[in-house]
Amino acid sequence: MAGDSATLQILAVRKPGGPEHRYTLIAPSDVAFVFLGSVLHRGLIPDNGVPSQTVRADRLYLRTARGVYLATHRSLRDLCGHVDPDAFLTIHRGLAVNIRKVREVDFKEKQIGIMNADGTFSWLNVSRRYIKGLRRKLLLPVKTRTKP
C-alpha cells in the first residue's frame, strides 16, 4: 500500500469517454469522493448528471467540483494508499470520501453530507462496516455493545 512510494501531491486522471492520451492533473484536496462505477450504478451516490453509460462498474472514478474523472489507479485501496492517509475515509467497499469535504454526519441514518461545488448538499450512505472507523476519524466515542 502506502509504503512503496511517496505520497502523491497530484493525480493524473482522464475524462470518462475522453481520449486515451489526454490527462488532467488535479490535487487530491480537490476530490470530494472516490467511487467504483458499480456504486453509481447501484444508486448509492447521486449521479449529478454523470452519464451512466460512460461509467464502467469495474473502474475507479473521482468526483471534483469540475466533474467526474477516471482514475488511473486500479483500486480504491491503491489510490487511498498513495495520498495523504488522513485525507480519505472509506465509507463503503467501493466509496471513499475526502474528510475535508464532509459537512454533516447522521449516525442514526448512517449518512454523511458533502457540500458540492454548486452549493448543494449530497448525502452519502455509510456502510455499517465502516461506522466505527468514521467515529474514530472524527474523534467521537465508539459505541460498544454490552452483554446483558
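Provided above is the structure to which this section pertains.
A. Region of the structure containing the packing of aromatic side chains. Here the structure, examined in full by the defined rule, presents 3 aromatic pairs. Ring plane angle 25 degrees and centroid distance 5.7 Å describe the contact between F35 and Y61, whose orientation is recorded as stacked. Of this pair, F35 sits in strand β3 (residues 31-36) while Y61 sits in strand β4 (residues 60-64), and the two are 26 residues apart along the sequence. Both residues of the pair, F35 and Y61, belong to the buried class. Their ring planes at 75 degrees and their centres at 5.3 Å tell us that F121 and W123 sit as a pair that is edge-to-face.

B. Unusual backbone geometry, seen in detail. For K110, which is not glycine, the phi torsion reads 55 degrees and is therefore positive. If you trace the backbone, K110 turns up in the loop between β8 (102-106) and β9 (111-115). The exposure class of K110 is partly exposed, given its relative accessible area of 32%. Notably, L139 is not glycine yet its phi reads approximately 55 degrees, a positive angle.

C. Fine view of a positive patch on the surface. Among the surface-exposed residues, R42, R77, R93 and R129 lie close enough to one another that they form a single positively charged patch. Residue R93 is classed as exposed on the basis of its relative accessible area, which comes to 61%.

Rules used throughout
- Residues numbered from 1 in each chain as written.
- Predicted model: local features only at pLDDT ≥ 70, side-chain atom pairs only at ≥ 80, totals over all residues.
- Heavy atoms only, no water.
- Phe/Tyr/Trp six-rings, centres within 6.5 Å; stacked < 30°, edge-to-face > 60°.
- Helix = DSSP H or I, 4+ residues; strand = E, 2+ residues; numbered from the N terminus.
- Buried < 20%, exposed > 50% of the residue type's maximum accessible area, 1.4 Å probe, protein only.
- Patch = residues over 30% accessible without salt bridge, like charges linked within 9 Å, V, L, I, M, F, W, Y side chains within 5 Å.
- Areas by Shrake-Rupley, 256 points an atom, 1.4 Å probe, with all protein chains shown as cover.
- Salt bridge = Lys/Arg side-chain N within 4 Å of Asp/Glu carboxyl O.
- Lys, Arg positive; Asp, Glu negative; His and termini not counted.
- Charge placed at Lys NZ, Arg CZ, Asp CG, Glu CD.

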